[in-house]
Amino acid sequence: MNIKHFEKTSLGFFPTPLVELSNLSHFLDGPQIFMKRDDLTGLALGGNKTRKLEYILADALQQGCDTIITAGAAQSNHCRQTAAAAAKLNLECHLLLGGEAPTETQGNLLLDQLFGSHIHWTGSNRKGQDIPRIFSQLQAEGKKPYIVPYGGSNELGALSFIDAVAELQQQNTDVEFSHVIFASSSGGTHAGLILGKEIYKQTFDLIGINIDKEANSDLPFEQQIAQLVNTTAEKIGLDYQFQPHQLILNADYVGGGYGVIGQQEKEAISLTAKHEGILLDPVYTARAMSGLIDLVRSGKLTKNDKVLFWHTGGAPSLFAYAQALD
Ligand SMILES: *Cc1c(COP(=O)(O)O)cnc(C)c1O
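Report on the accompanying structure. (Residues numbered from 1 in each chain as written. Predicted model: local features only at pLDDT ≥ 70, side-chain atom pairs only at ≥ 80, totals over all residues. Heavy atoms only, no water.)

### Here we look at the overall build of the protein chain
Here's step 1: Along the backbone of the protein chain there are 11 helices and 10 strands.
Here's step 2: Whereas a compact globule of 326 residues would reach a radius of gyration of roughly 20 Å, the protein chain reaches 19 Å, a difference of no more than 12%.
Here's step 3: Taking the principal axes of the C-alpha coordinates as reference, the protein chain spans close to 60 × 50 × 35 Å.
Here's step 4: Taking all 326 residues of the protein chain together, the buried fraction comes to 57%.
Here's step 5: Of the contacts made within the protein chain by residues no fewer than 6 positions apart, 78% connect residues no fewer than 24 positions apart.
Here's step 6: For the protein chain, the separation between the mean place of its 25 positive charges and that of its 35 negative charges on side chains is 1 Å. (Helix = DSSP H or I, 4+ residues; strand = E, 2+ residues; numbered from the N terminus. Rg over C-alpha atoms; globule rule 2.2 N^0.38 Å. Buried < 20%, exposed > 50% of the residue type's maximum accessible area, 1.4 Å probe, protein only. Contact = heavy atoms within 4.5 Å. Lys, Arg positive; Asp, Glu negative; His and termini not counted. Charge placed at Lys NZ, Arg CZ, Asp CG, Glu CD.)

This is how it looks when you write it as structure tokens:
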């Protein structure tokens, strides 16, 4: 297939490992479970944003920008990886974090500081609404700012997950996965995996586990993701039209909403740690894993299935949630 290529700047270590979680499969008396370890992308304790940033920051460098602006939650993994990448690339980094400065600096926020990023607390504007204001301010100071979108979820970010499917296909020669399960939030991972599945003719069902009750824009998540699939396809010159109803975004596990740790998340963290020695994060991957566990217990995933859990990272925030998890 003739798809248009874009520049990347190297920020992580790829391929990330593909491992089998045989203890967890055995404990659940369920399907074979595998894990794609994007928690080990290598940039500043890893995560799925490393892949996206390789394309997005290559674009920033090409445009001659010297300052990066992005936004997220106080414990944003995206902001932490962006801050680290900016440090490596000699770019000034401004992070717009929702809420107010907490009394204790922990987890991702602590790391943001160590990477030398400039932190702006934005109160109830939690999803990057203040970006234009900071952008103008920095421009007025003579800087050349570049905006990395919320969660790194634009066409360049999504592109990186097309590559991730190619990477998976190359490293996996003998297992035919029936399902790929992952935490879906700002949609770039989901959109890229959808396109990667199409381009590399994969047969698995893609199951995004929705981790946030509130969409990032006026559009429902499904429409946002479908739109990103289509604009990304257009960007790479792929003739493909995707409709929102074609995607699976399971909203059964959103619990108390974004970042609210419930019994399900605690169980998923504890089982994965105890049986596999692998850390999940409380906000994203534990919620997605609790979905996987429930789909096994409710018989929707059976012993004949071969399920790949895409570990998207996030463990640094465990320390910020110590009280909820203890
Ligand atoms: C950002 C993030 C996700 C969600 O990825 P999107 O591309 O934003 O949907 C999942 N897990 C972790 C740990 C993340 O940091």
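### Quick notes on the packing of aromatic side chains
Here's step 1: If you walk through the whole model with that rule in mind, you get 4 aromatic pairs.
Here's step 2: Note on Phe34 and Phe177: the rings are 5.4 Å apart at their centroids and 70° apart in plane angle, and the pair reads as edge-to-face. Pair noted here: Phe34 is in strand E2 (residues 32-37) and Phe177 is in the loop between helix H6 (155-171) and strand E7 (179-184), with a separation of 143 residues, a long-range link. The exposure classification of Phe34 matches that of Phe177, with both residues buried.
Here's step 3: With 5.8 Å between their ring centres and 80° between their planes, Tyr258 and Tyr284 make a pair best called edge-to-face. Of the two residues, Tyr258 sits in the loop between strand E9 (248-250) and helix H9 (263-276) while Tyr284 sits in the loop between H9 and helix H10 (285-297), which places them 26 residues apart along the sequence.
Here's step 4: The lysine or arginine in question, Lys49, covers the ring of Tyr284, its NZ or CZ lying 5.8 Å from the ring centre.
Here's step 5: If you follow Arg51 out to its NZ or CZ, it ends over the ring of Phe161, 5.7 Å from the centre. (Phe/Tyr/Trp six-rings, centres within 6.5 Å; stacked < 30°, edge-to-face > 60°. Lys NZ or Arg CZ within 6 Å of the ring centre and 35° of its normal.)

### Regarding the nonpolar core
Soluble globular proteins: nonpolar side chains tend toward being buried together.
Here's step 1: Within the largest apolar cluster, 58 residues are counted, with the highest numbers of intra-cluster contacts made by Leu57 and Trp310.
Here's step 2: Ranked by residues supplied to this core, first place goes to H6 with 8 residues.
Here's step 3: Residue contributions to this core reach at least three from each of two domains, namely domain 1 (18-47 + 153-325) and domain 2 (49-151).
Here's step 4: Among the nonpolar cores identified, the runner-up in size contains 32 residues, and Ile33, Tyr253, Leu271 and Ala286 belong to it. (Core = buried A, V, L, I, M, F, W, Y, C linked by side-chain atoms within 4.5 Å. Domains from an automatic or database assignment.)

### Description of the site of the ligand
Here's step 1: Taken together, 17 residues lie near the ligand, and Lys49, Lys52, Ser186, Thr189 and Thr312 sit nearest.
Here's step 2: At 3.0 Å, a side-chain N or O of Asn77 approaches an oxygen atom of the ligand.
Here's step 3: Within the side chain of Thr312, an N or O atom sits 2.6 Å from a nitrogen atom of the ligand.
Here's step 4: Among the secondary structure elements, those contributing two or more residues to the shell around the ligand are helix H2 (49-62), E7 and helix H7 (188-199). (Near = heavy atom within 4 Å. Polar contact = N/O pair within 3.5 Å; in protein donor to acceptor, adjacent residues only side chain to side chain.)

### A closer look at the side chain of Thr9
Here's step 1: Mapped onto the elements, Thr9 comes out in the segment before strand E1 (18-20).
Here's step 2: The contact partners of Thr9, leaving out residues within four places of it in the chain, are Leu53, Glu54, Leu57, Ala58, Leu61 and Leu89.

### Quick notes on the environment of Val180
Here's step 1: Relative to the assigned elements, Val180 resides in strand E7.
Here's step 2: What Val180 contacts, discounting residues up to four positions off in sequence, is Phe204, Asp205, Leu206, Ile207, Leu308 and Trp310.

### Section: the environment of Pro17
Here's step 1: Checked against the element boundaries, Pro17 lands in the segment before E1.
Here's step 2: In this structure the C-alpha to C-alpha distance between Pro17 and Leu89, which are 72 residues apart in sequence, comes to 25 Å.
Here's step 3: In contact with Pro17, other than residues within four places in its own chain, are Met35, Lys36, Arg37, Leu40 and Gln171.

### Notes on the pairing of E7
Here's step 1: Within E7, 6 of the 6 residues are buried, which leaves the element mostly enclosed by the surrounding structure.
Here's step 2: Of the two faces of E7, the one lined by His179, Ile181 and Ala183 and the one lined by Val180, Phe182 and Ser184 are each fully buried.
Here's step 3: Looking at chain direction, E7 and strand E8 (residues 205-210) are connected through 6 bridges and run parallel. Residue His179 lies in a different strand from E8, and its bridge partner there is Asp205.
Here's step 4: Taken together, E7, H7 and E8 constitute a β-α-β crossover, and its handedness is right-handed.
Here's step 5: Pairing analysis gives 3 bridges linking E7 to strand E10 (residues 306-311), with the strands arranged parallel. Directly across from His179, in E10, lies its bridge partner Val307. (Pairing = 2+ DSSP bridges. Right-handed = clockwise from strand over helix to strand, strands pointing away.)

### Section: H7
Here's step 1: Between the first and last C-alpha of H7 there are 16 Å, a value that for 12 residues agrees with the 16 Å anticipated at 1.5 Å per step.
Here's step 2: Summarising burial for H7: 10 of the 12 residues are buried, a large majority.
Here's step 3: Along H7, the positions that sit buried rather than exposed are Gly188, Thr189, His190, Ala191, Gly192, Leu193, Ile194, Leu195, Gly196 and Ile199.
Here's step 4: Two residues or fewer after H7 comes Lys201, characterised by a positive phi angle close to 50°. (Expected span 1.5 Å × (residues − 1).)

Everything listed here is a matter of geometry and, on its own, says nothing about what the molecule does.
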